[in-house]
Amino acid sequence: MITTSPPLREVRALPWGTLGLLTLAVLSYPFFALGLASLGAAWSTPEYSHGPLIPLISLYLFARELHHAPLTLEARPQRWQGVTVIAVALALAVFGTRAQIADLVTYALIIWIMGAVLLSMGWQAGKRHWKPVLHLIFMLPLPQILYWKLTIALQLVSSELGVILVRAADIPVHLSGNVIDLGVYKLQVADACSGLRYLFPILSFSYLFGILYRGPFWHKAVLFAMAAPLTVLLNSLRIGMVAILVDAYGIEQAEGFLHVFEGWVIFGAAIAILSLTAIGLQRLVAEPKPLSEALDLDYRRFAPEARRLRNLAPSRALGLAVILTGVALALWSGLPQMTTLPPERAPLSSFPTRIDGWQGTRRTLEPATEQVLAASDYLNAVYTDPAQDAPVNLFVAWYADQSQGDGIHSPEVCLPVGGWEVSAFRPHRIALPHRAPFEVNRAIITKGLNRQLVYYWFDGRGRAMTSDWRAKLSVIVDGITRGRTDGALVRYVTPIRRDEDIRAADRRLTRFIGQSLPRLSASIPD
């Protein structure tokens, strides 16, 4: 018997256009590595844990738009705009990486994605797909300064509205800052309760709601604008309900599963209210639709759209983009490192432990903390004075070279950890003898009923700076013009006693800074 083997299944090679786009993505990856690592770290936090879902939703929106797009593109699409956008994105990514500003790199990544869409589809067809690309913004973390200001504002508003609900239930309550005093129990409205972890996913959902909604543009604008106030109101309701339950059944009601469950209830309630609002808006048009028709939900398969993406045609613009990216990568890889000249300085171990009436005790950091800090030299000491009501902690981290990625971290890393929450944050001007007035970051941090006052700044070769962005940018400038990339973080912390006026803590820190700062100049050279 003669048997025949089944025919081999034909393996279809990827077309040159698709291969070119994949090559472009591989060559571009090193430019965005810092931003992608930053996104991974942000997505591991509760506030941004929704981040991995955002690209998937954007892909869904993109596939929907492709489904409704014409099957044939224009005969000679203009793709050069895509090359320009990609070049701008790469330049911004290089600058962000050199300055070690991950936020710039992540924004550059979104610009690059838009450039890839324009390059693949042409200007006329590609520009119609800006909505899925813009949706990717919701996966990015906020800059730290904006994050803190927004957190503090939401804490205060949520606390005040929550207390209104508690008083409406005839429960005696007093609000001090972000601490809800119920008499027997005291609740702190911490960062986790500010509402930010609900705001970002609800904003993303509102944006998606606006795209899928069939109705006038002003209806879409209303649905999106509702996200922020809706989050604040529902979070305030959550805080008020927690306080009422704590007053009735004990402090356990503010912890554990019930606390997490209440968060999911808030998110679900927000979605339900947006849906009801959409139904109400439909009643304002001549021919209202039910919600199932008002929302353009398309669950069909998008395999044909995926095949269209697989069959990208090659183009001169795509080839040029690949060549330019490859040349840029080669130039960037061969870019000489900034030559640094470590200045003459005294080690921080020689910093005095006795300063006028203050007596200091040095404390070493945990090995894991030292590894994250990655400082060339550091000082961590607690100073006490019998004439003062509270001690002062002085922490200095000095970096000999910040051009390789190691260097001053963002304020989120620099402030104390272990459960402390930022309850106030603003610039503060200090006037000291024999020195021109300069600004520092002033923060009040709380843990339970304990409070601490924090002053910190970045010392960049003789300049005191409050912005970590400015500090990082100055490293690039001084590395080129002065051959120096050293710098330091200087931080002073003092407890605020229960019965103490915060202004007394300000005076204590200012006095000790005036006494200790001149002695730091030997270890932090100008």
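Residues numbered from 1 in each chain as written. Predicted model: local features only at pLDDT ≥ 70, side-chain atom pairs only at ≥ 80, totals over all residues. Heavy atoms only, no water.

A short note on the packing of helix H1 (residues 16–43) against helix H3 (residues 80–98)
Then, number 1: Contact pair H1 / H3: the axes reach a minimum separation of 7 Å and the direction vectors enclose 35°. The hand of the H1/H3 crossing is left-handed. Between H1 and H3, the contacting residues are Leu24, Ser28, Phe31, Phe32 and Leu34 on the first element and Ile86, Ala89, Leu90, Ala93, Val94, Gly96 and Thr97 on the second.
Then, number 2: Of the residues belonging to the contact of H1 with H3, the class tally is nine nonpolar, three polar and no charged. (Axes fitted to C-alpha atoms, helices over the stretch in contact; angles between N-to-C directions. Helix = DSSP H or I, 4+ residues; strand = E, 2+ residues; numbered from the N terminus. Left-handed = near helix turned anticlockwise from the far one by under 90°. Contact = heavy atoms within 4.5 Å. Nonpolar A, V, L, I, M, F, W, Y, C, P; charged D, E, K, R; others polar.)

Considering unusual backbone geometry
Then, number 1: With a phi angle near 60°, Asp170 is a residue other than glycine that sits in the positive phi range.
Then, number 2: With respect to the helices and strands, the residue Asp170 is situated in the loop between helix H7 (144–168) and strand E1 (174–176).
Then, number 3: The backbone phi angle of Arg461 is positive, close to 55°, even though this residue is not glycine.
Then, number 4: With respect to the helices and strands, the residue Arg461 is situated in the loop between strand E10 (450–459) and strand E11 (464–465).
Then, number 5: Here Arg461 falls in the buried class, since its relative accessible area comes to 4%. (Buried < 20%, exposed > 50% of the residue type's maximum accessible area, 1.4 Å probe, protein only.)

Quick look at the side chain of Gln515
Then, number 1: When you line up the elements, Gln515 lands in helix H18 (residues 502–520).
Then, number 2: You can call Gln515 buried: its relative accessible area is 14%.
Then, number 3: Looking at Gln515, its side chain comes within polar contact range of the side chain of Trp358, at 2.7 Å.
Then, number 4: When sequence neighbours within four positions are dropped, the list of residues in contact with Gln515 reads Ile355, Asp356 and Trp358. (Polar contact = N/O pair within 3.5 Å; in protein donor to acceptor, adjacent residues only side chain to side chain.)

Here's the deal with the nonpolar core
Then, number 1: Counting residues in hydrophobic clusters, the biggest one holds 36 residues, and the most contacted among them are Met121, Met139, Tyr213 and Leu223.
Then, number 2: Among the elements of the structure, helix H2 (53–68), helix H4 (102–121), helix H8 (196–212), helix H10 (227–249) and helix H11 (256–282) are those that each provide at least two residues to this core.
Then, number 3: Considering each element in turn, this core owes the most residues, six residues, to H8.
Then, number 4: Ala381, Leu394, Trp398 and Leu520 belong to the second largest nonpolar core, which has 30 residues in total. (Core = buried A, V, L, I, M, F, W, Y, C linked by side-chain atoms within 4.5 Å.)

Remarks on the pairing of strand E5 (residues 358–362)
Then, number 1: Where strand E4 (residues 354–355) meets E5, two bridges bridge the pair, whose relative direction is antiparallel. Paired with Arg354 across the bridge in E5 is Gln359.
Then, number 2: Here four bridges tie E5 to strand E6 (residues 377–384), and the two strands are oriented antiparallel to one another. Counterpart to Arg362 in the pairing with E6 is Ala381. (Pairing = 2+ DSSP bridges.)

What about H4?
Then, number 1: An ideal rise of 1.5 Å per residue puts 28 Å on 20 residues; H4 measures up with 29 Å between its terminal C-alpha atoms.
Then, number 2: For H4, a buried count of 17 out of 20 residues is recorded, marking the element as mostly surrounded by other parts of the structure.
Then, number 3: Following H4 by one or two positions, Gly122 has its phi on the positive side, about 90°. (Expected span 1.5 Å × (residues − 1).)

Focus on a nonpolar patch on the surface
Then, number 1: Judged by side-chain polarity, Val157, Leu161, Ile164 and Leu233 come together as a nonpolar surface patch covering roughly 330 Å² of accessible area.
Then, number 2: If one sorts the elements of the nonpolar patch by residue count, H7 sits on top with three residues.
Then, number 3: Assignment of secondary structure puts Leu233 in helix H10. (Patch = residues over 30% accessible without salt bridge, like charges linked within 9 Å, V, L, I, M, F, W, Y side chains within 5 Å. Areas by Shrake-Rupley, 256 points an atom, 1.4 Å probe, with all protein chains shown as cover. Salt bridge = Lys/Arg side-chain N within 4 Å of Asp/Glu carboxyl O.)

Comments concerning the environment of Ile171
Then, number 1: Relative to the helices and strands, Ile171 is located in the loop between H7 and E1.
Then, number 2: For Ile171, a relative accessible area of 11% puts it in the buried group.
Then, number 3: Taking the C-alpha atoms as reference points, Ile171 and Leu182, eleven residues apart in sequence, are found 7.9 Å from one another.
Then, number 4: Apart from residues no more than four positions distant in its own chain, Ile171 is found in contact with Val166, Leu182, Ile244 and Asp247.

Looking at the packing of aromatic side chains
Then, number 1: Tallied over the full model, the rule gives twelve aromatic pairs.
Then, number 2: Taken together, the ring pairs connect Trp358, Tyr383, Phe438, Trp457, Tyr492 and Phe512 into an aromatic cluster.
Then, number 3: Of note, Arg345 hangs over the ring of Trp398, and the distance from its end group to the ring centre comes to 3.9 Å. (Phe/Tyr/Trp six-rings, centres within 6.5 Å; stacked < 30°, edge-to-face > 60°. Lys NZ or Arg CZ within 6 Å of the ring centre and 35° of its normal.)

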